[in-house]
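Each chain is listed here by its residues.
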Amino acid sequence: MRIGLTGGIGSGKSTVAAMLVARGAKLVDTDAIARSIAEPGGAAVRALVTEFGPSILTPEGGMDRARMRELVFSDVQAKKRLEGILHPLIGAECEHQAASAEPGQLVVFDVPLLVESKRWRAIVDRVLVIDASEQTQLERVIARSGWAPDAVRAVISQQAHRTLRRAAADAVIYNEGLGLAELSAHVEGLWERWTVASAR
Ligand SMILES: CC(C)(COP(=O)(O)OP(=O)(O)OC[C@H]1O[C@@H](n2cnc3c(N)ncnc32)[C@H](O)[C@@H]1O)[C@@H](O)C(=O)NCCC(=O)NCCS
Ligand SMILES: Nc1ncnc2c1ncn2[C@@H]1O[C@H](COP(=O)(O)OP(=O)(O)OP(=O)(O)O)[C@@H](O)[C@H]1O
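Being a predicted model, the structure only gives us computed values, none of them experimental.

**Q** Explain the overall build of the chain residue by residue, including any values.
**A** Within the chain, the secondary structure is distributed over ten helices and five strands. Against the globule reference of 16 Å for 200 residues, the chain gives a C-alpha radius of gyration of 17 Å, in line with a compact fold. For the chain, the spread of C-alpha atoms along the three principal axes comes to 50 × 40 × 25 Å. By the burial criterion, 44% of the 200 residues in the chain qualify as buried. Partitioning the contacts of the chain with sequence separation of at least 6, the portion at a separation of at least 24 is 72%. A total accessible area of about 10100 Å² is found for the chain, and carbon and sulfur atoms account for 53% of it. Each charge class in the chain was averaged separately, 24 positive and 24 negative side chains, and the resulting centres sit 4 Å apart.

**Q** Would you mind going over the site of ligand 2 in detail, with residue names and values included?
**A** As a structural note, the neighbourhood of ligand 2 is formed by 15 residues, with K13, S14, T15, R144 and N175 the closest of them. Within the backbone of G10, an N or O atom sits 3.1 Å from an oxygen atom of ligand 2. One nitrogen or oxygen atom from the side chain of K13 is found 2.7 Å from an oxygen atom belonging to ligand 2. For ligand 2, whose unbound accessible area comes to 640 Å², protein coverage reaches 76%. When residues of the shell around ligand 2 are traced back to their parent elements, those giving at least two are α1 (13-22), α7 (134-145) and α10 (180-199).

**Q** A description of the site of ligand 1 should follow, citing residues and the corresponding values.
**A** Contacts to ligand 1 come from 21 residues, most closely from D31, R65, R69, E83 and H87. In this structure, D31 approaches ligand 1 through a side-chain N or O atom, which is 2.7 Å from an oxygen atom. For ligand 1, an oxygen atom lies 2.7 Å from a polar atom in the side chain of R65. When the free accessible area of ligand 1 is taken as 770 Å², the share hidden by the protein chains comes to 93%. Among the secondary structure elements, those contributing two or more residues to the shell around ligand 1 are α2 (30-37), α4 (65-72) and α5 (76-98).

**Q** Run through the UniProt feature "binding site: ATP" (unreviewed entry) in the chain, naming residues and quoting values.
**A** Following the UniProt record, the feature "binding site: ATP" (unreviewed entry) maps to G10, S11, G12, K13, S14 and T15 here. Topologically, K13 is positioned in helix α1. Looking at K13, the relative accessible area reads 9%, which means it is buried. Once residues within four sequence positions are removed from consideration, K13 is found in contact with L5, T6, G7, G8, D110, P112 and I130. A polar atom in the side chain of K13 sits 3.2 Å from the backbone oxygen of G8. Relative to the helices and strands, S14 is located in helix α1.

**Q** I'd like to hear about the pattern of salt bridges, residue by residue, with values.
**A** A complete count under the given rule lists seven salt bridges for this structure. As a salt-bridge pair, K79 and E83 come within 2.8 Å of each other at their nearest N and O atoms. Of this pair, K79 and E83 both sit in helix α5, four residues apart, roughly one helical turn. Accessibility expressed as a relative area gives 13% for K79, which makes it buried. A salt bridge links R166 to D131, with the nearest nitrogen and oxygen atoms 2.9 Å apart.

**Q** Account for the sheet that holds strand β5 (residues 171-174), with residues named and values stated.
**A** Spatially, β2-β3-β1-β4-β5 is the arrangement adopted by the five strands of the open sheet, whose pairing is parallel. Each end of this open sheet is capped by a strand with a single partner; those strands are β2 (26-29) and β5. Sheet twist, expressed as the mean angle between neighbouring strand axes with direction ignored, is 20°. Each of β2 and β3 (107-110) is contacted by α2, which is oriented at about 50° to β2, the strand it contacts most. Taken strand by strand, α5 contacts β1 (2-7), β2 and β3, and its axis lies near 170° from that of β2.

**Q** Tell me about the packing of aromatic side chains, residues and numbers included.
**A** As enumerated under the stated definition, the model contains zero aromatic pairs in all. A cation over an aromatic ring shows up here: R119 above the ring of W120, its NZ or CZ 5.8 Å from the ring centre.

**Q** Give a description of the side chain of T136 that names residues and reports values.
**A** Locating T136 in the fold gives a position in helix α7. A distance of 2.3 Å separates a polar atom in the side chain of T136 from a polar atom in the side chain of E176.

Cut-offs and rules
Residues numbered from 1 in each chain as written. Chains lettered and ligands numbered in written order. Predicted model: local features only at pLDDT ≥ 70, side-chain atom pairs only at ≥ 80, totals over all residues. Heavy atoms only, no water. Helix = DSSP H or I, 4+ residues; strand = E, 2+ residues; numbered from the N terminus. Rg over C-alpha atoms; globule rule 2.2 N^0.38 Å. Buried < 20%, exposed > 50% of the residue type's maximum accessible area, 1.4 Å probe, protein only. Contact = heavy atoms within 4.5 Å. Areas by Shrake-Rupley, 256 points an atom, 1.4 Å probe, with all protein chains shown as cover. Lys, Arg positive; Asp, Glu negative; His and termini not counted. Charge placed at Lys NZ, Arg CZ, Asp CG, Glu CD. Near = heavy atom within 4 Å. Polar contact = N/O pair within 3.5 Å; in protein donor to acceptor, adjacent residues only side chain to side chain. UniProt positions renumbered as here; feature names shortened; annotations may be inferred. Salt bridge = Lys/Arg side-chain N within 4 Å of Asp/Glu carboxyl O. Pairing = 2+ DSSP bridges. Axes fitted to C-alpha atoms, helices over the stretch in contact; angles between N-to-C directions. Phe/Tyr/Trp six-rings, centres within 6.5 Å; stacked < 30°, edge-to-face > 60°. Lys NZ or Arg CZ within 6 Å of the ring centre and 35° of its normal.

Structure follows, in structure tokens:
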């Protein structure tokens, strides 16, 4: 069975993904794939330079992520151009990684934009949404990554609204005011439900 794991920035997707992996799932992480293909020598670098010019590179020859973040979260067209280059390559690598799952192994696709784009929804059997308030998202990303509050708000404003995400969910974990042990207990419940369902 293929599970699509999604949620807004800082909602707790990676934390839940790690809990699912600890129980035996195979993880396909689209943020990690996006990062690797834009590193020096990565599959997307040439197309990025053609589209955005050489100033988008670091001295080492990979995409300058902070610069690109500033550009795309203040310019919707630039975001579309970036996604037009990266998403097909991410999609191909997702399938490549999923193909190495063991027979019967639960495959978890961590996809921030699962609800925003039909491409991703089509490749999974179930959707698990990690939900948290915008205030909590903001606090977590500032604590984790040291971003300025406005930078986090800019990303949130470009993502689907929580209501839309929840409406697309087969299961929702409300990751707010939960300790990690409680979060893990929610993950355990879903794990049991889905491993039983996929064994049928
Ligand atoms: C914009 C970029 C350069 C910012 O890089 P940076 O290292 O600062 O952030 P990172 O990659 O860790 O992303 C942090 C979070 O931003 C959000 N985010 C990333 N890309 C997007 C996007 N296209 N639209 C909305 N939110 C996004 C996600 O919640 C993600 O978890 C980078 O995220 C990127 O290349 N995005 C395009 C690829 C993409 O769409 N990835 C999403 C998975 S399909
Ligand atoms: N229930 C929780 N209790 C305490 N800390 C938490 C909890 N859930 C998540 N966190 C912390 O919040 C931060 C954001 O979580 P995480 O990185 O899992 O979010 P994400 O949805 O994967 O973010 P992004 O969209 O940026 O990739 C991390 O530092 C994580 O350790």
